[in-house]
Amino acid sequence: MSLESRRDVGVRELTARVVRASFLKGTLAIRVREALGPLFGDASFAEAFPVRGRPAVSPGALALVSVLQHAEGLSDRQAADQVRARMDWKFLLGLELDDPGFDFTVLGDFRVRLIKHGLEERVLDLVLERICGLGLLRAGGRQRTDSTHVLASVRVLNRMEFVGESLRAALEALAAAAPQWLAGQVTADWVERYGARIDSYRFPQG
């Protein structure tokens, strides 16, 4: 997968107009874009992508999505759904309202590439550089949080989703093979927990 460069041309006019009319008090994504502008350029992650091959989703956009994903406690699938569904995320990413987004699997591939090329600190370094450049952060504050913590938290959420979906698939197979036996083993709590897809709700904080 090669690098597909994406030049940030600012927030799309229609996206900006609709978002500002819909979110009068703003959201985290809106405030980040308005206060910090475009945070991540694709060139900052170029060394993690080959020159040849299938074009990749913009690494700068994936870095932004990863930050919001960690802030809101989302799995990869949930984060990709937010890119498609939420106008404020499109505002932050500089996308048109009808942009289809990307497949959730590219987020996992992006993290693997960051770690493989030793770029896991790059995301946080770029954020700190922009904040300091705008005078929003001064020396002598709290020690920064390691970017690897962000990547690890997102990975845990993704594994939780895989485990939950595996259990749900096993229960569905048992329901087809031995419905009478399963009925005597499963409680109402199990039905509530595994009846719907794991990615259809947010994970617990604890």
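Residues numbered from 1 in each chain as written. Predicted model: local features only at pLDDT ≥ 70, side-chain atom pairs only at ≥ 80, totals over all residues. Heavy atoms only, no water.

Draft legend 1. How the structure looks around the overall build of the protein chain. In terms of helices and strands, the protein chain carries 10 helices and zero strands. Along the protein chain, helices and strands appear, N-terminal first, in the series α-α-α-α-α-α-α-α-α-α. Each of the 206 residues in the protein chain was classed as buried or not, and the buried ones make up 37%. For the protein chain, the proportion of contacts with a sequence separation of at least 24, taken over those separated by at least 6, is 74%. (Helix = DSSP H or I, 4+ residues; strand = E, 2+ residues; numbered from the N terminus. Buried < 20%, exposed > 50% of the residue type's maximum accessible area, 1.4 Å probe, protein only. Contact = heavy atoms within 4.5 Å.)

Draft legend 2. Helix 2 (residues 28-36), seen in detail. Listed in full, the buried residues belonging to helix 2 are A29, I30, V32, R33 and L36. Against helix 1 (13-22), helix 3 (59-72), helix 5 (87-93) and helix 7 (122-133) lie the buried residues of helix 2. The positive-phi residue at the C-terminal boundary of helix 2 is G37, with phi of around 70°.

Draft legend 3. A look at the packing of aromatic side chains. Counting across every chain of the model gives two aromatic pairs. Between the aromatic rings of F40 and F45, the centroid separation amounts to 6.3 Å while the plane-to-plane angle is 65°, which identifies the pairing as edge-to-face. You can call F40 buried: its relative accessible area is 8%. Overall, the relative accessible area of 0% leaves F45 in the buried class. For the pair F45 and F110, a centre-to-centre distance of 5.8 Å together with 70° between the ring planes defines the contact as edge-to-face. Of this pair, F45 sits in the loop between helix 2 and helix 3 while F110 is found in helix 6 (residues 105-116), placing the two residues 65 residues apart along the sequence. (Phe/Tyr/Trp six-rings, centres within 6.5 Å; stacked < 30°, edge-to-face > 60°.)

Draft legend 4. Seen up close, the environment of V18. Within the secondary structure, V18 sits in helix 1. In sequence terms V18 and F91 are 73 residues apart; their C-alpha atoms lie 9.6 Å from each other. Among all residues touching V18, those that are not within four sequence positions of it are M87 and L97.

Draft legend 5. Summary view of the nonpolar core. Counting 32 residues, the largest nonpolar core has F40, F45, V65, W89 and F102 as the members making the most contacts within it. Top contributing element to this core by residue count: helix 3, with six residues. Residue contacts for F45: discarding those within four places in its chain leaves F40, P59, G60, A63, F110, L114, L119, R122, V123 and L126. (Core = buried A, V, L, I, M, F, W, Y, C linked by side-chain atoms within 4.5 Å.)

Draft legend 6. Inspection of the side chain of D76 at higher detail. Secondary-structure assignment places D76 in helix 4 (residues 76-85). Overall, the relative accessible area of 2% leaves D76 in the buried class. A distance of 2.7 Å separates the side chain of D76 from the side chain of Q69, its partner in a polar contact. (Polar contact = N/O pair within 3.5 Å; in protein donor to acceptor, adjacent residues only side chain to side chain.)

Draft legend 7. Representation of the environment of F91 in the model. The residue F91 is located in helix 5 in this model. For F91, a relative accessible area of 1% corresponds to the buried category. Separated by 71 residues in sequence, F91 and R20 place their C-alpha atoms 9.5 Å apart.

So far we have only geometry, and geometry alone does not tell us how the molecule works.
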